[in-house]
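An overview of the molecular structure
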Amino acid sequence: MFPNTRLRRLRYNNLLRDMVQETQLSSKDLIMPLFVHYGTKVKNPIPSMPGIFQYSIDLLIEECSRLYSIGVHAVLLFGIPEQKDETGKCACADDGIVQQAIIALKKHVPGLFVIADVCNCEYTTHGHCGTIVQGDVHNDITCKTLAQQSVSLARAGVDMIAPSDMMDGRIGIIRAELDAHGFESLPIMAYSAKYASAFYGPFRDAAQSTPQFGDRKTYQMNPANSREALREVELDIQEGADIVMVKPALSYLDIIQKIKHSCNTPVAAYNVSGEYAMVKAAAQQGWIDEERIVLEILTSIKRAGADIIISYHTQDIISTLAQ
Ligand code: PBG
């Protein structure tokens, strides 16, 4: 108690402050999401996400070489195919947009760790995350398509897959299908607690995946629930998830913390497009110090319990972090 105890003693010297710092953010914690567009020489800016572009594969290779050279070691790919269809079949094609991107990246930037999103929303004409039967996404049919998509990504040489669809049972079905095709060593990072969130708005422009009718509330979680997130995580782990994810991150730090305490797998958090857009918009107005805000945000996500953070800020912040 005061005056014996003075917590300020450890705050006067910056070296000492660093020594007693509890949470360290490292470049190794971060994953950069990227959007792969069909065609060549494409670099389309996304207006609501300043600094983020859709790249065709030729330019994606250049961008990934640049990212790798500044210390970004892992990327998460989303695809924008030329043709979409009713059931997202084009997501399962061995010459699909993301499959081709993986093959190219493995050849030209071999050190890069390449993760691929597994979901149908970028590939369906209606923008929903699976096959529509009677006006809603059919769970079990969709799981089969997701498993096919996963196998074809595995064939292309992906390093890890990240299913983001929120169908029940999909991790188990994907795991079984991967194993049946000899990909038993391919890890799965499951979007386990993915909420039906307004923070995905800018992403849907970037991935051209806005649902053409309805919303995603019959498959993504209600933002008001937290115990349910633990059930999602528990099931995904039982089904074979290697890493579990919480998404979005900032309004869900309590969920990250709960999950960290309730399970022993690594925990990832997705600092999503809307969170990024808000920071960029305020920074462009000169209302905030972008670098300090980003460091504080990412540190808070890690402090809450995330081992891995997926963030569009990765490219801007990586050079200021410990390697
Ligand atoms: C769906 C998917 C979404 C995001 C990642 N995967 C959007 C959605 O569910 O509508 C959002 C990512 C972001 O907002 O940055 N496959």
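What you are looking at is a predicted structure, and each value in this text was computed from that prediction instead of being measured. (Residues numbered from 1 in each chain as written. Predicted model: local features only at pLDDT ≥ 70, side-chain atom pairs only at ≥ 80, totals over all residues. Heavy atoms only, no water.)

Some remarks on the overall build of the protein chain
For the protein chain, the count of helices and strands is 11 helices and 12 strands. Rg of the C-alpha trace for the protein chain: 20 Å, near the compact-globule value of 20 Å for 323 residues, within the 12% margin. Its C-alpha atoms put the protein chain at 70 × 45 × 40 Å along the principal axes. Considering the protein chain as a whole, with its 323 residues, one finds that 52% of them fall into the buried category. The long-range fraction of contacts in the protein chain, counting pairs at least 24 apart against all pairs at least 6 apart in sequence, stands at 74%. As displayed, the protein chain offers around 14,700 Å² of accessible surface, 52% of which is attributable to carbon and sulfur atoms. Once the 30 positive and 37 negative side-chain charges of the protein chain are each reduced to a mean point, those two points are 8 Å apart. (Helix = DSSP H or I, 4+ residues; strand = E, 2+ residues; numbered from the N terminus. Rg over C-alpha atoms; globule rule 2.2 N^0.38 Å. Buried < 20%, exposed > 50% of the residue type's maximum accessible area, 1.4 Å probe, protein only. Contact = heavy atoms within 4.5 Å. Areas by Shrake-Rupley, 256 points an atom, 1.4 Å probe, with all protein chains shown as cover. Lys, Arg positive; Asp, Glu negative; His and termini not counted. Charge placed at Lys NZ, Arg CZ, Asp CG, Glu CD.)

Some words on a nonpolar patch on the surface
On the surface, a nonpolar cluster with roughly 410 Å² of combined accessible area is contributed by Leu10, Leu15, Met19 and Val20. Tracing the backbone shows Leu10 in the segment before α1 (14-19). What makes Leu10 partly exposed here is its relative accessible area of 42%. (Patch = residues over 30% accessible without salt bridge, like charges linked within 9 Å, V, L, I, M, F, W, Y side chains within 5 Å. Salt bridge = Lys/Arg side-chain N within 4 Å of Asp/Glu carboxyl O.)

Thoughts on a positive patch on the surface
Together, Arg6, Arg8, Arg9 and Arg11 line one region of the surface with positive charge. Among the structural elements, Arg9 can be located in the segment before α1. The class for Arg9 is partly exposed, based on a relative accessible area of 45%.

With respect to the site of the ligand
The ligand sits among 18 residues. The nearest are Lys194, Arg204, Lys247, Ser273 and Tyr312. One nitrogen or oxygen atom from the side chain of Arg216 is found 3.0 Å from an oxygen atom belonging to the ligand. Here a nitrogen atom of the ligand sits 3.2 Å away from a polar atom, N or O, in the side chain of Lys247. Surface burial for the ligand is 100%, taken as the share of its 400 Å² of free accessible area covered by protein chains. (Near = heavy atom within 4 Å. Polar contact = N/O pair within 3.5 Å; in protein donor to acceptor, adjacent residues only side chain to side chain.)

Structural notes on unusual backbone geometry
Here the residue pair Phe2 and Pro3 is connected by a cis peptide bond, since its omega of 5° sits within 30 degrees of zero. Checked against the element boundaries, Pro3 lands in the segment before α1. Cis geometry is adopted by the peptide bond preceding Pro248, which originates at Lys247 and carries an omega value of -10°. Relative to the helices and strands, Pro248 resides in the loop between β10 (243-247) and α8 (253-262). Its identity is not glycine, yet Gln208 carries a phi of approximately 50°, on the positive side. Looking at the secondary structure, you find Gln208 in the loop between α6 (201-206) and α7 (227-239). On the basis of relative accessibility, which here comes to 40%, the residue Gln208 falls in the partly exposed class.

Details of the pairing of β10
Across the 5 residues of β10, 5 count as buried, placing the element largely inside the fold. Residues Ile243, Met245 and Lys247 line one face of β10 and the alternating positions Val244 and Val246 line the opposite face, and both faces are buried. Relative to β10, strand β9 (residues 189-194) runs parallel, the two sharing 5 bridges. The residue of β10 that forms the bridge with Ala190 is Val244. Pairing geometry for β10 and strand β11 (residues 267-271), over 3 bridges, is parallel. In the strand pairing of β11, Val246 is matched with Ala269. The handedness of the β10 to β11 crossover, carried by α8, is right-handed. (Pairing = 2+ DSSP bridges. Right-handed = clockwise from strand over helix to strand, strands pointing away.)

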